[in-house]
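# Analysis of the macromolecular model
Here is how the chains run, residue by residue.
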Amino acid sequence: MIAPVYSSELSPASTRGFLSSLPEVFINVGILLGYISNYFLAGSGLPSSLNWRVMLGLAAFPALLVGFAVVFMPESPHWLVMKGRFAEAKRVLIRTSSSEEEVELVDSRMNEMVKAISMAELPPSSGFWTELVSVRSKAIRRIVITAVGVNFFMQASGNDAVVYYSPEVFKVAGISSRKQLFGVTVIMGIAKSSFALVSALFLDRFGRRPLLLLGSSGMAVSLALLGLGSKYLDWCEDEKPIWAVVFCVVTVCADVSFFSIGLGPITWVYSSEIFPTRLRAQGSSLAISVNRLVSGVVAMTFLSASETVSFGWMFLGLSGVMVMATTFFYCYLPETKGKTLEEIGVLFEDQDDEHRRLIVS
(Lines give C-alpha, C1' and ligand atoms only; values in the text may rest on other atoms or scores of the structure.)
Protein backbone atom coordinates (compact mmCIF):
# COMPACT_ATOMS: atom_id res chain seq x y z
CA MET A 1 0.00 0.00 0.00
CA ILE A 2 2.78 2.43 0.92
CA ALA A 3 4.99 2.03 -2.16
CA PRO A 4 2.73 3.79 -4.75
CA VAL A 5 1.57 6.45 -2.26
CA TYR A 6 5.15 7.25 -1.26
CA SER A 7 6.30 7.29 -4.89
CA SER A 8 3.51 9.64 -5.99
CA GLU A 9 4.07 12.10 -3.13
CA LEU A 10 7.83 12.17 -3.64
CA SER A 11 7.84 12.41 -7.46
CA PRO A 12 7.77 15.56 -9.60
CA ALA A 13 4.66 15.82 -11.78
CA SER A 14 6.73 15.27 -14.95
CA THR A 15 7.90 11.78 -13.90
CA ARG A 16 5.25 10.70 -11.37
CA GLY A 17 3.66 8.16 -13.72
CA PHE A 18 6.98 6.41 -14.35
CA LEU A 19 8.14 6.39 -10.74
CA SER A 20 4.75 5.35 -9.30
CA SER A 21 4.52 2.45 -11.74
CA LEU A 22 7.92 1.02 -10.78
CA PRO A 23 6.38 -1.16 -8.01
CA GLU A 24 4.39 -3.01 -10.70
CA VAL A 25 7.50 -3.35 -12.89
CA PHE A 26 9.44 -5.00 -10.09
CA ILE A 27 6.48 -7.15 -9.04
CA ASN A 28 6.66 -8.63 -12.53
CA VAL A 29 10.43 -9.02 -12.33
CA GLY A 30 9.94 -10.82 -9.02
CA ILE A 31 7.33 -13.14 -10.55
CA LEU A 32 9.74 -13.97 -13.38
CA LEU A 33 12.58 -14.65 -10.93
CA GLY A 34 10.17 -16.83 -8.95
CA TYR A 35 9.41 -18.95 -12.02
CA ILE A 36 13.11 -19.38 -12.78
CA SER A 37 14.28 -20.06 -9.20
CA ASN A 38 11.46 -22.56 -8.59
CA TYR A 39 12.43 -24.48 -11.71
CA PHE A 40 16.01 -24.83 -10.53
CA LEU A 41 14.97 -25.66 -6.97
CA ALA A 42 12.65 -28.38 -8.28
CA GLY A 43 15.59 -29.97 -10.11
CA SER A 44 18.21 -29.27 -7.46
CA GLY A 45 18.06 -32.70 -5.85
CA LEU A 46 16.92 -31.26 -2.49
CA PRO A 47 14.26 -33.30 -0.65
CA SER A 48 10.74 -32.17 -1.45
CA SER A 49 10.23 -31.36 2.22
CA LEU A 50 13.11 -28.86 2.03
CA ASN A 51 13.14 -27.20 -1.41
CA TRP A 52 9.89 -25.26 -0.90
CA ARG A 53 11.21 -23.99 2.46
CA VAL A 54 14.33 -22.73 0.68
CA MET A 55 12.05 -21.04 -1.87
CA LEU A 56 10.22 -19.11 0.87
CA GLY A 57 13.43 -18.34 2.77
CA LEU A 58 15.07 -16.72 -0.25
CA ALA A 59 12.43 -13.97 -0.11
CA ALA A 60 14.00 -12.72 3.13
CA PHE A 61 17.01 -11.28 1.29
CA PRO A 62 15.20 -8.61 -0.77
CA ALA A 63 13.08 -7.81 2.30
CA LEU A 64 16.24 -7.16 4.33
CA LEU A 65 17.62 -5.01 1.51
CA VAL A 66 14.46 -2.86 1.51
CA GLY A 67 14.59 -2.57 5.30
CA PHE A 68 18.16 -1.32 5.11
CA ALA A 69 17.41 1.11 2.27
CA VAL A 70 14.47 2.71 4.13
CA VAL A 71 16.97 4.27 6.55
CA PHE A 72 18.28 6.47 3.72
CA MET A 73 14.92 7.39 2.16
CA PRO A 74 13.53 10.92 2.69
CA GLU A 75 10.10 11.42 4.22
CA SER A 76 7.18 12.39 1.96
CA PRO A 77 7.08 16.21 1.55
CA HIS A 78 3.26 16.14 1.59
CA TRP A 79 3.27 14.39 4.96
CA LEU A 80 5.87 16.84 6.30
CA VAL A 81 3.75 19.82 5.22
CA MET A 82 0.66 18.25 6.81
CA LYS A 83 2.65 18.02 10.08
CA GLY A 84 3.86 21.63 9.80
CA ARG A 85 7.52 20.71 9.13
CA PHE A 86 7.92 23.12 6.21
CA ALA A 87 11.71 23.47 6.21
CA GLU A 88 12.18 19.68 5.96
CA ALA A 89 9.55 19.47 3.23
CA LYS A 90 11.33 22.16 1.20
CA ARG A 91 14.67 20.33 1.49
CA VAL A 92 13.07 17.10 0.25
CA LEU A 93 11.41 18.89 -2.69
CA ILE A 94 14.73 20.45 -3.73
CA ARG A 95 16.52 17.11 -3.35
CA THR A 96 13.99 15.25 -5.50
CA SER A 97 13.55 17.87 -8.24
CA SER A 98 14.58 16.61 -11.66
CA SER A 99 15.55 19.95 -13.23
CA GLU A 100 16.53 23.54 -12.41
CA GLU A 101 13.07 24.68 -13.49
CA GLU A 102 11.46 22.42 -10.87
CA VAL A 103 13.83 23.71 -8.18
CA GLU A 104 12.65 27.25 -8.97
CA LEU A 105 9.03 26.13 -8.54
CA VAL A 106 9.58 24.58 -5.09
CA ASP A 107 8.11 27.57 -3.23
CA SER A 108 4.95 27.56 -5.38
CA ARG A 109 4.59 23.79 -4.86
CA MET A 110 4.89 24.35 -1.11
CA ASN A 111 2.17 27.00 -1.25
CA GLU A 112 -0.09 24.65 -3.23
CA MET A 113 0.39 21.89 -0.65
CA VAL A 114 -0.35 24.22 2.27
CA LYS A 115 -3.43 25.60 0.50
CA ALA A 116 -4.73 22.13 -0.39
CA ILE A 117 -4.28 20.85 3.16
CA SER A 118 -5.81 23.96 4.78
CA MET A 119 -8.85 23.72 2.48
CA ALA A 120 -9.23 20.04 3.38
CA GLU A 121 -9.16 20.59 7.16
CA LEU A 122 -12.05 18.86 8.89
CA PRO A 123 -13.73 19.70 12.18
CA PRO A 124 -12.24 17.79 15.13
CA SER A 125 -15.27 15.54 15.34
CA SER A 126 -14.85 14.33 11.75
CA GLY A 127 -12.53 11.44 11.00
CA PHE A 128 -10.75 10.42 7.84
CA TRP A 129 -13.07 7.49 7.16
CA THR A 130 -16.16 9.61 7.79
CA GLU A 131 -15.02 12.03 5.11
CA LEU A 132 -14.21 9.25 2.65
CA VAL A 133 -17.72 7.76 2.77
CA SER A 134 -19.54 11.07 3.26
CA VAL A 135 -22.30 11.87 0.76
CA ARG A 136 -21.78 15.62 1.24
CA SER A 137 -18.94 15.83 -1.24
CA LYS A 138 -19.66 14.65 -4.78
CA ALA A 139 -15.98 15.09 -5.64
CA ILE A 140 -14.83 12.76 -2.85
CA ARG A 141 -17.52 10.25 -3.78
CA ARG A 142 -16.38 10.23 -7.42
CA ILE A 143 -12.78 9.78 -6.31
CA VAL A 144 -13.70 6.81 -4.09
CA ILE A 145 -15.79 5.19 -6.86
CA THR A 146 -12.96 5.70 -9.36
CA ALA A 147 -10.22 4.32 -7.10
CA VAL A 148 -12.26 1.35 -5.86
CA GLY A 149 -13.49 0.64 -9.41
CA VAL A 150 -10.06 0.52 -11.03
CA ASN A 151 -8.74 -1.72 -8.23
CA PHE A 152 -11.78 -4.00 -8.45
CA PHE A 153 -11.39 -4.49 -12.20
CA MET A 154 -7.63 -5.00 -11.88
CA GLN A 155 -8.29 -8.25 -10.01
CA ALA A 156 -11.66 -9.15 -11.54
CA SER A 157 -9.74 -9.40 -14.83
CA GLY A 158 -8.40 -12.74 -13.55
CA ASN A 159 -4.77 -11.79 -14.21
CA ASP A 160 -3.51 -13.02 -10.83
CA ALA A 161 -5.27 -16.35 -11.33
CA VAL A 162 -3.69 -16.75 -14.77
CA VAL A 163 -0.27 -16.04 -13.22
CA TYR A 164 -0.83 -18.41 -10.27
CA TYR A 165 -2.24 -21.27 -12.31
CA SER A 166 -0.53 -20.78 -15.70
CA PRO A 167 0.92 -24.33 -15.60
CA GLU A 168 -2.61 -25.74 -15.21
CA VAL A 169 -3.86 -23.53 -18.05
CA PHE A 170 -1.03 -24.66 -20.31
CA LYS A 171 -1.59 -28.33 -19.39
CA VAL A 172 -5.22 -28.05 -20.48
CA ALA A 173 -3.94 -26.46 -23.70
CA GLY A 174 -1.97 -29.64 -24.39
CA ILE A 175 1.51 -28.90 -23.00
CA SER A 176 2.51 -31.75 -20.72
CA SER A 177 6.31 -32.02 -20.39
CA ARG A 178 8.02 -30.21 -17.52
CA LYS A 179 10.53 -28.45 -19.79
CA GLN A 180 7.82 -27.20 -22.11
CA LEU A 181 5.73 -25.93 -19.19
CA PHE A 182 8.77 -24.12 -17.79
CA GLY A 183 9.59 -22.64 -21.20
CA VAL A 184 6.14 -21.19 -21.91
CA THR A 185 5.77 -19.97 -18.31
CA VAL A 186 9.08 -18.09 -18.52
CA ILE A 187 8.07 -16.66 -21.92
CA MET A 188 4.86 -15.40 -20.30
CA GLY A 189 6.87 -13.90 -17.42
CA ILE A 190 9.28 -12.16 -19.83
CA ALA A 191 6.38 -10.72 -21.85
CA LYS A 192 4.64 -9.52 -18.68
CA SER A 193 7.79 -7.86 -17.30
CA SER A 194 8.83 -6.30 -20.61
CA PHE A 195 5.49 -4.63 -21.29
CA ALA A 196 5.26 -3.36 -17.70
CA LEU A 197 8.58 -1.56 -18.26
CA VAL A 198 7.43 -0.22 -21.65
CA SER A 199 4.25 1.14 -20.04
CA ALA A 200 6.24 2.78 -17.24
CA LEU A 201 8.56 4.48 -19.73
CA PHE A 202 5.71 5.91 -21.83
CA LEU A 203 3.14 6.61 -19.10
CA ASP A 204 4.14 10.26 -18.67
CA ARG A 205 4.30 10.83 -22.44
CA PHE A 206 1.00 9.33 -23.59
CA GLY A 207 -0.99 9.67 -20.37
CA ARG A 208 -2.97 7.30 -18.17
CA ARG A 209 -6.25 7.07 -20.10
CA PRO A 210 -4.91 6.00 -23.52
CA LEU A 211 -2.71 3.23 -22.10
CA LEU A 212 -5.43 2.05 -19.69
CA LEU A 213 -8.07 1.89 -22.44
CA LEU A 214 -5.61 0.15 -24.78
CA GLY A 215 -4.71 -2.39 -22.10
CA SER A 216 -8.26 -3.19 -20.99
CA SER A 217 -9.67 -3.46 -24.52
CA GLY A 218 -6.67 -5.59 -25.55
CA MET A 219 -7.32 -7.89 -22.59
CA ALA A 220 -10.99 -8.23 -23.59
CA VAL A 221 -10.02 -9.34 -27.11
CA SER A 222 -7.18 -11.62 -25.90
CA LEU A 223 -9.38 -13.35 -23.31
CA ALA A 224 -12.16 -13.84 -25.86
CA LEU A 225 -9.71 -15.44 -28.32
CA LEU A 226 -8.19 -17.55 -25.53
CA GLY A 227 -11.67 -18.74 -24.54
CA LEU A 228 -12.50 -19.71 -28.11
CA GLY A 229 -9.12 -21.46 -28.51
CA SER A 230 -9.64 -23.37 -25.26
CA LYS A 231 -13.12 -24.46 -26.32
CA TYR A 232 -11.74 -25.68 -29.66
CA LEU A 233 -9.10 -27.76 -27.83
CA ASP A 234 -11.86 -29.21 -25.62
CA TRP A 235 -13.65 -30.38 -28.75
CA CYS A 236 -10.49 -32.08 -30.07
CA GLU A 237 -10.91 -35.52 -28.50
CA ASP A 238 -7.83 -37.06 -30.12
CA GLU A 239 -4.53 -35.27 -30.77
CA LYS A 240 -4.60 -31.52 -30.15
CA PRO A 241 -3.46 -29.48 -33.21
CA ILE A 242 -0.11 -27.74 -32.68
CA TRP A 243 -1.42 -24.50 -34.17
CA ALA A 244 -4.25 -24.39 -31.60
CA VAL A 245 -1.84 -24.99 -28.71
CA VAL A 246 0.46 -22.21 -29.99
CA PHE A 247 -2.58 -19.96 -30.46
CA CYS A 248 -3.59 -20.41 -26.80
CA VAL A 249 -0.04 -19.75 -25.57
CA VAL A 250 0.13 -16.56 -27.66
CA THR A 251 -3.24 -15.31 -26.38
CA VAL A 252 -2.22 -15.96 -22.75
CA CYS A 253 0.97 -13.94 -23.34
CA ALA A 254 -1.10 -11.23 -25.07
CA ASP A 255 -3.51 -11.08 -22.12
CA VAL A 256 -0.78 -10.61 -19.49
CA SER A 257 1.07 -8.16 -21.77
CA PHE A 258 -1.99 -5.94 -22.19
CA PHE A 259 -2.48 -6.13 -18.42
CA SER A 260 1.09 -4.90 -17.94
CA ILE A 261 0.48 -2.05 -20.39
CA GLY A 262 -2.67 -0.81 -18.68
CA LEU A 263 -4.24 -2.08 -15.47
CA GLY A 264 -1.01 -3.38 -13.92
CA PRO A 265 0.97 -0.15 -13.48
CA ILE A 266 -1.80 2.44 -13.90
CA THR A 267 -3.96 1.09 -11.06
CA TRP A 268 -1.18 1.87 -8.56
CA VAL A 269 -0.45 5.27 -10.13
CA TYR A 270 -4.10 6.31 -10.22
CA SER A 271 -4.97 5.05 -6.73
CA SER A 272 -2.11 6.99 -5.17
CA GLU A 273 -2.53 10.32 -6.98
CA ILE A 274 -6.25 11.14 -7.13
CA PHE A 275 -7.03 11.44 -3.40
CA PRO A 276 -6.59 14.77 -1.60
CA THR A 277 -3.44 14.97 0.54
CA ARG A 278 -5.33 14.62 3.81
CA LEU A 279 -7.15 11.47 2.63
CA ARG A 280 -4.49 9.92 0.39
CA ALA A 281 -3.12 7.25 2.74
CA GLN A 282 -6.55 6.17 4.01
CA GLY A 283 -8.16 6.34 0.55
CA SER A 284 -5.38 4.33 -1.06
CA SER A 285 -5.57 1.72 1.68
CA LEU A 286 -9.33 1.38 1.13
CA ALA A 287 -8.88 0.93 -2.64
CA ILE A 288 -6.01 -1.54 -2.27
CA SER A 289 -7.94 -3.51 0.37
CA VAL A 290 -10.65 -4.04 -2.25
CA ASN A 291 -7.88 -5.01 -4.68
CA ARG A 292 -6.49 -7.73 -2.40
CA LEU A 293 -9.96 -8.97 -1.34
CA VAL A 294 -11.05 -9.49 -4.96
CA SER A 295 -7.66 -11.05 -5.76
CA GLY A 296 -8.17 -13.59 -2.96
CA VAL A 297 -11.70 -14.45 -4.08
CA VAL A 298 -10.62 -14.92 -7.72
CA ALA A 299 -7.56 -16.98 -6.73
CA MET A 300 -9.60 -19.29 -4.49
CA THR A 301 -12.42 -19.85 -6.98
CA PHE A 302 -10.67 -19.81 -10.38
CA LEU A 303 -9.65 -23.49 -10.56
CA SER A 304 -12.87 -24.91 -9.11
CA ALA A 305 -15.01 -22.67 -11.35
CA SER A 306 -12.91 -23.62 -14.39
CA GLU A 307 -13.36 -27.33 -13.60
CA THR A 308 -17.10 -26.78 -13.41
CA VAL A 309 -17.65 -24.70 -16.56
CA SER A 310 -14.28 -25.30 -18.38
CA PHE A 311 -11.39 -22.91 -18.91
CA GLY A 312 -12.92 -21.79 -22.21
CA TRP A 313 -16.13 -20.45 -20.67
CA MET A 314 -14.15 -18.98 -17.77
CA PHE A 315 -11.98 -16.92 -20.13
CA LEU A 316 -15.00 -15.82 -22.16
CA GLY A 317 -16.61 -14.63 -18.91
CA LEU A 318 -13.47 -12.70 -17.97
CA SER A 319 -13.55 -11.12 -21.43
CA GLY A 320 -17.03 -9.81 -20.63
CA VAL A 321 -15.72 -8.37 -17.34
CA MET A 322 -13.03 -6.49 -19.28
CA VAL A 323 -15.63 -5.04 -21.66
CA MET A 324 -17.41 -3.61 -18.59
CA ALA A 325 -14.06 -2.39 -17.24
CA THR A 326 -13.24 -0.56 -20.47
CA THR A 327 -16.64 1.15 -20.39
CA PHE A 328 -16.12 2.18 -16.75
CA PHE A 329 -12.65 3.60 -17.45
CA TYR A 330 -13.91 5.56 -20.46
CA CYS A 331 -16.76 7.15 -18.49
CA TYR A 332 -15.18 7.75 -15.08
CA LEU A 333 -11.42 8.23 -15.30
CA PRO A 334 -10.09 11.71 -16.25
CA GLU A 335 -6.54 12.24 -17.50
CA THR A 336 -4.02 13.19 -14.78
CA LYS A 337 -0.81 13.35 -16.83
CA GLY A 338 1.53 16.24 -15.98
CA LYS A 339 -0.64 17.64 -13.17
CA THR A 340 0.49 18.17 -9.60
CA LEU A 341 -1.30 16.21 -6.88
CA GLU A 342 -3.03 19.43 -5.84
CA GLU A 343 -4.27 20.14 -9.40
CA ILE A 344 -5.70 16.63 -9.79
CA GLY A 345 -8.31 17.31 -7.11
CA VAL A 346 -9.86 19.97 -9.38
CA LEU A 347 -10.71 17.28 -11.96
CA PHE A 348 -13.19 15.70 -9.57
CA GLU A 349 -14.85 18.87 -8.29
CA ASP A 350 -18.45 19.64 -9.17
CA GLN A 351 -18.59 20.95 -12.76
CA ASP A 352 -21.18 21.20 -15.49
CA ASP A 353 -21.46 18.33 -17.97
CA GLU A 354 -19.80 20.19 -20.84
CA HIS A 355 -16.73 21.12 -18.77
CA ARG A 356 -16.45 17.56 -17.51
CA ARG A 357 -16.55 16.19 -21.06
CA LEU A 358 -13.77 18.58 -22.07
CA ILE A 359 -11.55 17.38 -19.20
CA VAL A 360 -12.13 13.71 -20.04
CA SER A 361 -11.32 14.28 -23.72
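Residues numbered from 1 in each chain as written. Predicted model: local features only at pLDDT ≥ 70, side-chain atom pairs only at ≥ 80, totals over all residues. Heavy atoms only, no water.

### Brief notes about the overall build of the protein
The number of helices and strands found in the protein is 20 helices and 0 strands. Sorting the 361 residues of the protein into buried and exposed places 47% on the buried side. In the protein, once contacts between residues fewer than 6 apart in sequence are set aside, the share between residues at least 24 apart is 78%. Within the structure as shown, the protein displays about 17,900 Å² of accessible surface, and the carbon and sulfur contribution to it stands at 68%. (Helix = DSSP H or I, 4+ residues; strand = E, 2+ residues; numbered from the N terminus. Buried < 20%, exposed > 50% of the residue type's maximum accessible area, 1.4 Å probe, protein only. Contact = heavy atoms within 4.5 Å. Areas by Shrake-Rupley, 256 points an atom, 1.4 Å probe, with all protein chains shown as cover.)

### Digging into the nonpolar core
Core analysis: the biggest nonpolar cluster contains 63 residues, and Leu263, Phe315 and Phe329 have the highest contact counts within it. The residues touching Leu263, leaving out its near neighbours within four places in the chain, are Val150, Phe153, Met154, Ser157, Leu212, Met219, Met322 and Phe329. If you look at the next biggest cluster of nonpolar residues, it comprises 6 residues, including Tyr6, Leu10, Val81 and Val92. (Core = buried A, V, L, I, M, F, W, Y, C linked by side-chain atoms within 4.5 Å.)

### Focus: the packing of aromatic side chains
Evaluated as defined, the whole model comprises 11 aromatic pairs. Where Tyr232 meets Trp243, the ring centres are 5.2 Å apart and the plane angle is 40°; that geometry is what we call tilted. You can see Tyr232 sitting in helix H14 (residues 208–235) and its partner Trp243 sitting in helix H15 (residues 242–261), a full 11 residues away along the chain. Looking at Trp243, the relative accessible area reads 54%, which means it is exposed. Taken together, a centroid distance of 4.9 Å and an interplanar angle of 20° make the contact between Phe328 and Tyr332 stacked. Taken together, the residues Phe328 and Tyr332, both in helix H18 (residues 311–332) and 4 residues apart, mark about one turn of the helix. Taken together through their ring pairs, the aromatic side chains of Phe152, Phe153, Phe328, Phe329 and Tyr332 make up a single cluster. (Phe/Tyr/Trp six-rings, centres within 6.5 Å; stacked < 30°, edge-to-face > 60°.)

### Description of the packing of helix H2 (residues 16–42) against helix H3 (residues 48–58)
Between H2 and H3, the least distance of the axes is 10 Å, while the angle of their chain directions is 150°. Classified by the angle between their axes, H2 and H3 sit roughly antiparallel to one another. Read as a crossing pair, H2 and H3 show a hand that is right-handed. For the pair H2 and H3, contact is made by Asn38, Leu41 and Ala42 and by Asn51, Val54, Met55 and Leu58, respectively. Of the residues in the contact of H2 with H3, the class split is 5 nonpolar, 2 polar and no charged. (Axes fitted to C-alpha atoms, helices over the stretch in contact; angles between N-to-C directions. Parallel < 35°, antiparallel > 145°, perpendicular 65-115°, else oblique. Left-handed = near helix turned anticlockwise from the far one by under 90°. Nonpolar A, V, L, I, M, F, W, Y, C, P; charged D, E, K, R; others polar.)

### What about the packing of helix H16 (residues 263–273) against helix H17 (residues 280–309)?
Where H16 contacts H17, the axes come no closer than 8 Å and their chain directions differ by 145°. In this structure, H16 contributes Thr267, Trp268, Ser271, Ser272 and Glu273 to the contact, and H17 contributes Arg280, Ser284, Ala287, Ile288 and Asn291.

### Side note on the pattern of salt bridges
One pass over the full model with this rule turns up 2 salt bridges. Among the salt bridges present, the one from Glu88 reaches Arg85, with a minimum N-O distance of 3.0 Å. Looking at Arg85, the relative accessible area reads 33%, which means it is partly exposed. With a closest N to O distance of 3.8 Å, Asp160 and Arg292 form a salt bridge. Here the residue Asp160 occupies a position in helix H11 (residues 159–164), and Arg292 occupies one in helix H17, the gap between them amounting to 132 residues. Given the relative accessible area of 42%, Arg292 is considered partly exposed. (Salt bridge = Lys/Arg side-chain N within 4 Å of Asp/Glu carboxyl O.)

### Digging into the side chain of Lys192
Mapped onto the secondary structure, Lys192 falls in helix H13 (residues 178–206). On the accessibility criterion, Lys192 (4% relative accessible area) is buried. When near neighbours in sequence (up to four residues on either side) are disregarded, Lys192 contacts Asn28, Ile31, Asn159, Val163, Val256, Phe259 and Ser260.

### Digging into the environment of Val169
Considering the arrangement of structural elements, one finds Val169 in helix H12 (residues 166–172). It is 9.5 Å that separates the C-alpha atoms of Val169 and Leu303, two residues lying 134 residues apart in sequence. Among residues more than four places away in sequence, those in contact with Val169 are Val252, Phe302, Phe311 and Phe315.

### Thoughts on the UniProt feature "transmembrane region" (unreviewed entry) in the protein
The residues that UniProt annotates with the feature "transmembrane region" (unreviewed entry) are residues 25–42, 54–73, 181–203, 210–230, 242–271, 283–305 and 311–333. The span residues 25–42 shows a helical share of 100% and a strand share of 0%, and its end C-alpha atoms are spaced 26 Å apart. Across residues 210–230, the secondary structure splits into 100% helix and 0% strand, with the terminal C-alpha atoms separated by 30 Å. (UniProt positions renumbered as here; feature names shortened; annotations may be inferred.)

### Some words on empty space enclosed by the protein
Tallied over the entire structure, the rule returns 2 cavities of 30 Å³ or more. Within this model, the largest cavity holds a volume of roughly 60 Å³. Within the residue set of the lining of the largest cavity, elements represented by two or more residues are H12, H14, H15 and H18. With 4 residues, H14 is the single largest residue contributor to the lining of the largest cavity. A per-class count over the lining of the largest cavity returns 10 nonpolar, 1 polar and 1 charged. The volume enclosed by the second largest cavity comes to roughly 30 Å³. What lines the second largest cavity is Asn28, Ile31, Tyr35, Met188, Gly189, Lys192 and Ser193. Those elements giving two or more residues to the lining of the second largest cavity turn out to be H2 and H13. Its residues assigned to classes, the lining of the second largest cavity comprises 3 nonpolar, 3 polar and 1 charged. (1 Å grid on protein atoms, 1.4 Å probe; cavity = no way out; pocket = protein on both sides within 12 Å on 5 of 7 lines; lining within 4 Å. Points joined across faces, edges and corners; volume = space filled by probe spheres on them.)

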